[in-house]
Amino acid sequence: MSSAKHFLELIQKSRKGKFKIYIGMSAGVGKTFRMLQEAHSLLRNGIDVKIGYIETHDREETVALVDGLPEIGRKSVFYKGKNLEEMDLQAIINEHPEVVLVDELAHTNVEGSKNKKRWQDVLEILDNGINVISAMNIQHIESLNEEVKIITGVEVTERVPDKILALADEVVNIDLTADELLTRLKEGKIYKKEKIQTALSNFFQSGHILQLRELALKEVATHVERKVETEIKTENFKPIKFLACISSNEKIAKTIIRKTARLASYYNSQWIVLYIQKPSENPEKIALDKQRYLINNFNLAQELGAKVVRIKESSVHNGILEYVIAHNITTVCIGKPHAKFWQRLFGYSWIYSLMNGLNERQVDIIILS
């Protein structure tokens, strides 16, 4: 990608609104309630927040929270002999609040609307630089449709593509235990009295709720993992970065390079090949064949996608440790030390020093044979 194109993409991305989704295992967990609570908090902090579309389902606690929040009027659409209310997409874009609340992300718009689905409206709002807080239930996620059908016996027709969740800057799971949810249902906080028994016999069976809760927790955990992998670059979170430490020993170095390349490919991570050049191996003293092997191994490492680094240092473990600290290395790969006679006498002191140093910094070490 050219740098100009990349910069343009960055500018466009920064112009886009931020997108937050409240997700829950079922109706009645409190997603809309939490959206409205957040809106009041934003309003108190001087943020221009407006209701674009909120579905209270006539729940007393939710209705009470709508009070005091500015609202963008809905539009009336005449359809099949009835006047229906829909979210007014153009009015939201025209008024351009900093934040807009848009409930029921999976909703299908009335025939003849600009977009078929509400999630398409949301994408348009975001493209206009307006931040969106929305909500949906787990059963509306496209890829979970079959699983939900198996669990509940109900095929959900209003669905949201998985890519919409992936686009969200934040996904928050509104979690309740099955008991808490059933208590809310029995107290009439979710549906009117005449609907409670039907709900208990169908969707709101305890076994269904537990399985849907597990789906919701997994979905949000996956979203968080994805965000961590792609966005967070702090000292507390270090993306995996391999350091393959090689010597002038041709065969061992080749093995370390190849095995580290496979590890880096598996983890889709960066890797570096480090050669510590001791004084006894400077170009004037090292044998020509060893020098040739080293160059061949450097070339092999580069072909396999590594960055090659050569450092002059009399102490191998100090050279490795300094590089690890300076470059946020998470995993060090070294060859299995060979037990020569003098090494048996004096021990592998540099290996122990290196291991202790890496252990203190919570860096993994892999010994490749």
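Within an unreviewed UniProt entry, the label attached to the chain reads Sensor protein KdpD, and the organism entered is Chryseobacterium joostei.

(A) View of the sheet that holds strand S10 (residues 307–312). With parallel pairing, five strands are arranged side by side in an open sheet as S10-S9-S8-S11-S12. Two strands in the sheet have a free side with no partner beyond their single neighbour: S10 and strand S12 (364–368). Shown here is a sheet whose adjacent strand axes are inclined to one another by a mean of 25 degrees, direction ignored. Relative to S12, strand S11 (residues 331–335) runs parallel, the two being bridged by five bridges. For Val 332, the partnering residue across the bridge sits in S12 and is Ile 365. Strands strand S8 (241–246), strand S9 (270–277) and S10 of the sheet are contacted by helix H12 (residues 288–303), whose axis makes an angle of about 145 degrees with S10. Across the sheet, helix H13 (residues 316–326) is in contact with S8, S9, S10 and S11; its angle to S9 comes to roughly 150 degrees.

(B) Here's a closer look at the pairing of strand S1 (residues 19–24). With six of its six residues buried, S1 lies for the most part within the structure. Neither face of S1 is open: one carries Phe 19, Ile 21 and Ile 23, the other Lys 20, Tyr 22 and Gly 24, and all of them are buried. Bridging between S1 and strand S6 (residues 131–137) involves six bridges; their strand directions are parallel. Across the sheet, Lys 20 pairs through a bridge with Ile 133, a residue of S6.

How each quantity is defined
- Residues numbered from 1 in each chain as written.
- Predicted model: local features only at pLDDT ≥ 70, side-chain atom pairs only at ≥ 80, totals over all residues.
- Heavy atoms only, no water.
- Pairing = 2+ DSSP bridges.
- Helix = DSSP H or I, 4+ residues; strand = E, 2+ residues; numbered from the N terminus.
- Axes fitted to C-alpha atoms, helices over the stretch in contact; angles between N-to-C directions.
- Contact = heavy atoms within 4.5 Å.
- Buried < 20%, exposed > 50% of the residue type's maximum accessible area, 1.4 Å probe, protein only.

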